[in-house]
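Residue-level structural notes
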Amino acid sequence: MASEANPSPSIIIRSFQASDLAQCQALFSAGHMSYGNAKIYIDHAMRKDISDIDKNYMQVTNGHWWVAVSTEDNRIIGQIAILPLKIGDPSFYKTMSDDECDQTCELIRLVVAPDAQRLGIGKKLISTLFEFARERGFNQVHLTTLTSMDKACAFYERNGFVKGHIEKYSRNDVKVDSSECVILDPNATIPEEDQRQMKMQLDKAAFLYVQHYFRKL
Ligand SMILES: CC(C)(COP(=O)(O)OP(=O)(O)OC[C@H]1O[C@@H](n2cnc3c(N)ncnc32)[C@H](O)[C@@H]1OP(=O)(O)O)[C@@H](O)C(=O)NCCC(=O)NCCS
């Protein structure tokens with residue numbers, strides 16, 4: 001919450017530019033390191049798409065990457081991206097019905113710098129993405145996060161996302177198409193041991209739990 005001691009920074013939200021790449025990569029790493037997430041998870045994301053944001057987001061039809069820039073020191077203090085579900089989460093795309101899958105977009109790579117959190121920047125970034133998604137004809141946003149990422153879960157639920165199923169992977173597995181997982185039904189009671197593990201930091205837990213979230217537009 002903004003206060004006099006920690007006032008909301010003055011920011012602009014704009015589209016990614018090529019010269020932003022190193023700052024965006026560093027911000028992504030900082031966001032995940034703050035939860036103690038495994039380096040293998042961060043490195044996988046870096047190799048998969050963050051190595052080339054221009055190609056993997058800006059040049060994709062209906063894809064985009066925005067940055068929140070502090071007008072005080074020109075520092076990038078937040079970022080968010082959108083992709084059509086088919087590209088953002090291809091394995092989940094294949095499981096959706098024909099009328100839903102192409103009207104759903106993926107929210108991905110959201111991070112606000114640790115020293116700028118709880119000042120409404122995440123909310124501004126997500127509102128920018130919702131507006132873009134509506135203009136492009138999407139009627140639903142999907143995302144995944146880890147159950148151990150408590151700040152992210154609280155933020156998404158505050159912003160109208162509802163929980164879908166959870167995928168349970170063995171420790172340090174990275175979510176790739178070939179990974180095997182157990183599906184936990186959101187409407188069934190989750191076993192106590194899973195509930196305990198779901199809240200633990202990745203480096204201490206025996207399993208990795210991927211939470212699916214949805215929001216209608
Ligand atoms: C999740 C994250 C993006 C939220 O960004 P933010 O700019 O701090 O969020 P906002 O200030 O817009 O918060 C909006 C509301 O979300 C909820 N919220 C946000 N952070 C929260 C937290 N740490 N704990 C509880 N609720 C939280 C609150 O209801 C908040 O409103 P309030 O501050 O008036 O109570 C940020 O914490 C972050 O970058 N975390 C690390 C990386 C990460 O988790 N990324 C998501 C990957 S899936």
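Residues numbered from 1 in each chain as written. Predicted model: local features only at pLDDT ≥ 70, side-chain atom pairs only at ≥ 80, totals over all residues. Heavy atoms only, no water.

1. Focus: unusual backbone geometry
Generally, phi is negative for residues other than glycine and the peptide bonds are trans, each holding for most cases. Heads up, the rule is: By the criteria applied, helices consist of DSSP H or I runs no shorter than four residues and strands consist of E runs no shorter than two, each listed in order from the N terminus. Relative accessibility thresholds used throughout: buried, under 20% of the residue-type maximum; exposed, over 50%; partly exposed, between the two (1.4 Å probe, protein chains only).
Even without being glycine, Asn62 reaches a positive phi, approximately 65°. One can find Asn62 in the loop between α3 (53–58) and β2 (64–70). For Asn62, a relative accessible area of 23% gives the class partly exposed. One non-glycine residue, Arg109, adopts positive backbone phi at about 65°.

2. What to know about the pairing of β2
Definition in use: Two strands qualify as a pair provided DSSP detects at least 2 bridges between them.
Counting buried positions along β2 yields seven of seven residues, so the element is predominantly enclosed. Going residue by residue along β2, you find His64, Trp66, Ala68 and Ser70 tucked away on one face and Trp65, Val67 and Val69 tucked away on the opposite face as well. Summarising the sheet, strand β1 (residues 11–15) and β2 pair through five bridges and their orientation is antiparallel. Across the sheet, the residue bridging to Ile13 is Ala68, located in β2.

3. Quick word on a negative patch on the surface
Definition in use: Like-charged residues are merged into a patch within 9 Å and nonpolar side chains (Val, Leu, Ile, Met, Phe, Trp, Tyr) within 5 Å, provided each residue has over 30% relative accessible area and no salt bridge. Using a 1.4 Å probe, the Shrake-Rupley method yields the accessible areas, and only the shown protein chains count as cover for residues. Here, a salt bridge means any side-chain nitrogen of Lys or Arg that lies within 4 Å of a carboxyl oxygen of Asp or Glu. Positive charges come from Lys and Arg, negative ones from Asp and Glu, while His and the chain ends are left out of the count. All charge positions are set by atom: Lys at NZ, Arg at CZ, Asp at CG, Glu at CD.
There is a patch of like negative charges on the surface, built from Asp98, Asp99, Glu100 and Asp102. Residue position: Asp98 is located in helix α6 (residues 98–101).

4. Focus: the site of the ligand
Just so we agree on the cut-off: For each residue, the test is whether any non-hydrogen atom lies within 4 Å of the molecule or strand; if one does, the residue is near. Whenever two N or O atoms come within 3.5 Å, that pair is a polar contact, provided that in protein one can donate a hydrogen and the other can accept it, and provided that, for residues adjacent in sequence, both atoms are side-chain atoms.
Taken together, 19 residues form the shell around the ligand, and within it Tyr35, Leu110, Val112, Arg118 and Gly122 come nearest. A distance of 2.8 Å is found between an oxygen atom of the ligand and a backbone nitrogen or oxygen belonging to Gly120. A total of 900 Å² of accessible area belongs to the ligand in isolation, and the protein chains cover 83% of it. Elements that contribute at least two residues to the shell around the ligand include exactly β4 (104–112), α7 (121–135) and α8 (150–158). Among the elements that line the shell around the ligand, the one with the most residues is α8, at six residues.

5. A look at the side chain of Gln211
Note the cut-off: We call two residues contacting when some pair of their heavy atoms lies within 4.5 Å.
Relative to the helices and strands, Gln211 resides in strand β8 (residues 207–216). In terms of polar contacts, Gln211 uses its side chain to reach the backbone carbonyl oxygen of Gly164, at 3.0 Å. In contact with Gln211, other than residues within four places in its own chain, are Leu143, Thr144, Thr145, Thr147, Lys163, Gly164, His165 and Ile166.

6. Regarding the sheet that holds strand β7 (residues 182–184)
Put simply, the rule reads: In this analysis an axis means a line fitted to C-alpha atoms, helices contributing only their contacting stretch, and an angle means the value between N-to-C directions, from 0 to 180 degrees.
If you walk across this open sheet you meet the eight strands as β1-β2-β3-β4-β5-β8-β6-β7, and the pairing is mixed. Two strands close off the open sheet at either side, each with one partner strand: β1 and β7. Sheet twist, expressed as the average angle between the axes of neighbouring strands with direction ignored, equals 25°. Direction of pairing for strand β3 (residues 76–84) relative to β4: antiparallel, over a ladder of six bridges.

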